[in-house]
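# Topology and contacts: notes
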Protein chains: 2
Amino acid sequence: MPNTNKPLILVTNDDGITAKGIRTLIDIATELGDVVVVAPDSPQSAMGHAITINNTLYLKEYTAHSHNHKEYTTSGTPVDCVKMASHEILDRKPDLCLSGINHGSNSAINVIYSGTMSAAVEAGIEGIPSIGFSLCDYSADADFEPARPYVKQIIENVLDKGMPKGLVFNVNIPKATHDEIKGVKICRQANAYWVEEFDKRTNPYGKDYYWLTGKFVNDDKGEDTDEWALEHNYISIVPTQYDLTAHHYIAELNTWDFDN
Amino acid sequence: MPNTNKPLILVTNDDGITAKGIRTLIDIATELGDVVVVAPDSPQSAMGHAITINNTLYLKEYTAHSHNHKEYTTSGTPVDCVKMASHEILDRKPDLCLSGINHGSNSAINVIYSGTMSAAVEAGIEGIPSIGFSLCDYSADADFEPARPYVKQIIENVLDKGMPKGLVFNVNIPKATHDEIKGVKICRQANAYWVEEFDKRTNPYGKDYYWLTGKFVNDDKGEDTDEWALEHNYISIVPTQYDLTAHHYIAELNTWDFDN
């Protein structure tokens, strides 16, 4: 590992190491610190916080022609990548973990299905300040340029101010031109959800199968949500925690009768 | 679907439909309501909140000889099972979703890696009161009998009192005899984590590969945690939420400078 006085930045994602989003994030990160990349060798979207325990994991050095830093791929999930980086590749704890930039939104409830955010959360659990970035554009050729100055500034802020243990940032960027983006808003996760529709088909051998599809529904009219911000061309930052305890409900539950 | 005046209970898990844990949970559920089972056709542990979007899903009726209710398997993850149940199999919303009983603990940070809990959370997101059950015993032949009366009573409590939208219960049961179990404690998620160790091996073709292994570390000395409860032979219930916003940190973040 490089051992300069620059911060050590681990970069990962869930779209795979060749995705345009991670290449942009690597570019930005190299301006701010010493970079090591550990990313999946193939797309791992919607993997949530899955880890690989019933299968073997492969680790490979990846040659990126444009940079001097080290890059690796693993055959595992985004969370596996962070674990591999921390415990097998890096010889010291990174100062920051960046995940993304995801091709597609990870706002609202998407945070819990997202491989991008799960990688960020995994780094957070390991005590590494961590940010997941997502652009609201699913296309492989999405334009990440308008996001660049904002992404850089958010990273600089975190390198400067730090991040308390127990949380990570979920940053979503609207699909908009630089002039259209109005700025950054600190938000809460909107209470929005997916209504699934299964597309039922029959395979060439006569067997029925399904594709998961769905419609995203936002019933949350709050103007302090990530959905509101994105709809109004703001970049949303949701401080996101992995203590899932509903602390406010403990007192109520203590009034229930569980004697046996 | 049966249409009696009994509650409709969806049962799922992550160890697969033949696991001893789900068979016990189905037994208990049939005493309390009309049961429909939709579970993975193979073990899906540690799948977190993964969903199947890049692959096809298969759905099959499963013949369980001991009961009259309907059972189905899917080729997907635990979360896929809940989505399939809600949107493809059931003609009305279940009154309750039960996930488990998992072979192995889902206390502390395990909640976010757990397929069992992700299925419960998915049902919660869909507005279904939902409980994930786990026994702290990984063996396929684990003894679920001591847990039975407690599991039944927790379910009865939820059927009676309901559960507010936005949370689900994470129930963990110590590996102990009926006489050893001291009762039920309402807890917060302990601040405990895994320290990974990768077991590096070489395959018969000379290529290195890794197995993910690790050690669970609990630095949280609180006596109100699920880890404390389980260690002292109490059953732990953690009310668990899927709004991951760190609301307490929003004011602080609003003092940061994000002008661009």
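Data block above holds the structure.
This structure is a prediction, so every number in the text was calculated from the model and none was measured. (Residues numbered from 1 in each chain as written. Chains lettered and ligands numbered in written order. Predicted model: local features only at pLDDT ≥ 70, side-chain atom pairs only at ≥ 80, totals over all residues. Heavy atoms only, no water.)

Moving on, we get to the packing of aromatic side chains. In the structure shown here, the tally under the stated rule is 14 aromatic pairs over all chains. A ring pair is formed by A:Phe198 and A:Tyr210, whose centres lie 6.2 Å apart and whose planes are at 90°; its orientation type is edge-to-face. One end of the pair, A:Phe198, is in strand E9 (residues 192-202); the other, A:Tyr210, is in strand E10 (residues 208-218), and 12 residues separate them in sequence. Residue A:Phe198 is classed as buried on the basis of its relative accessible area of 11%. The rings of A:Tyr58, B:Tyr209 and B:Trp211 are connected pair by pair, giving a single aromatic cluster. B:Lys185 extends its terminal NZ or CZ atom over the ring of B:Tyr234, reaching a point 4.5 Å from the ring centre. The ring of A:Tyr58 has B:Lys207 lying over it, and the distance from NZ or CZ to the ring centre is 4.8 Å. (Phe/Tyr/Trp six-rings, centres within 6.5 Å; stacked < 30°, edge-to-face > 60°. Helix = DSSP H or I, 4+ residues; strand = E, 2+ residues; numbered from the N terminus. Buried < 20%, exposed > 50% of the residue type's maximum accessible area, 1.4 Å probe, protein only. Lys NZ or Arg CZ within 6 Å of the ring centre and 35° of its normal.)

Residues and elements named next belong to chain B. Examined against the element boundaries, Thr 116 turns out to sit in helix H3 (residues 115-125). In this structure Thr 116 comes out as buried when scored by relative accessible area, which is 0%. A distance of 3.2 Å separates polar atoms of two side chains, one belonging to Thr 116 and the other to Asp 14. Not counting chain neighbours up to four residues away, the residues in contact with Thr 116 comprise Asp 14, Ser 99, Gly 100, Asn 102, Asn 106, Gly 132, Phe 133 and Ser 134. (Polar contact = N/O pair within 3.5 Å; in protein donor to acceptor, adjacent residues only side chain to side chain. Contact = heavy atoms within 4.5 Å.)

Attention now moves to the interface of chain A and chain B. When the parts come together, some accessible area is lost, and that loss is often what is quoted as the size of the interface. On the side of chain B, 78 residues touch chain A, which itself brings 78 residues to the contact. Both faces considered, chain A and chain B share a buried interface measuring about 7,300 Å² in area, 66% of it formed by carbon and sulfur atoms. When the area that chain A buries against chain B is broken down by residue, the three leading residues are A:Tyr210, A:Leu244 and A:Phe258, summing to 10%. Here chain A and chain B share 2 salt bridges between them. Here B:Glu196 ties to A:Lys83 by a salt bridge, and the two come within 2.3 Å at their closest N and O atoms. At the boundary of chain A with chain B, the tally comes to 24 residue pairs in polar contact (both at pLDDT 80 or more). Ranked by the residues each element gives to the side of chain A that touches chain B, the list is headed by helix H5 (residues 148-161) of chain A, at 7 residues. The residue makeup of the side of chain A that touches chain B, split by class, is 44 nonpolar, 20 polar and 14 charged. (Buried area = accessible area lost by both parts, 1.4 Å probe. Salt bridge = Lys/Arg side-chain N within 4 Å of Asp/Glu carboxyl O. Nonpolar A, V, L, I, M, F, W, Y, C, P; charged D, E, K, R; others polar.)

Turning our attention to the environment of B:Cys97. Along the polypeptide, B:Cys97 turns up in strand E5 (residues 96-103). Not counting the four nearest positions on each side in its chain, B:Cys97 is found in contact with B:Leu10, B:Thr12, B:Ala123, B:Ile128, B:Pro129, B:Ser130 and B:Ile131.

Once that is clear, we can look at the pairing of strand E1 (residues 8-12) of chain A. Residue and element names in this part refer to chain A. Burial within E1 is extensive, with 5 of its 5 residues counted as buried. Alternating residues of E1 divide into Leu 8, Leu 10 and Thr 12 and Ile 9 and Val 11, and every residue in both groups is buried. Taken together, E1, helix H1 (residues 20-30) and strand E2 (residues 34-40) form a β-α-β motif whose crossover is right-handed. Sheet analysis places E1 next to strand E5 (residues 96-103), joined by 4 bridges and oriented parallel. Bridge pairing links Ile 9 to Leu 96 in E5. (Right-handed = clockwise from strand over helix to strand, strands pointing away. Pairing = 2+ DSSP bridges.)

Glancing now at unusual backbone geometry. A:Gly100 connects to A:Ile101 through a cis peptide bond whose omega is -10°. Of note, B:Asn233 is a non-glycine position whose phi angle comes to about 65°, a positive value. Tracing the backbone through its elements, the reader meets B:Asn233 in the loop between helix H5 (226-231) and strand E11 (234-241). Its relative accessible area of 22% is what places B:Asn233 among the partly exposed residues.

These figures capture arrangement, not role.
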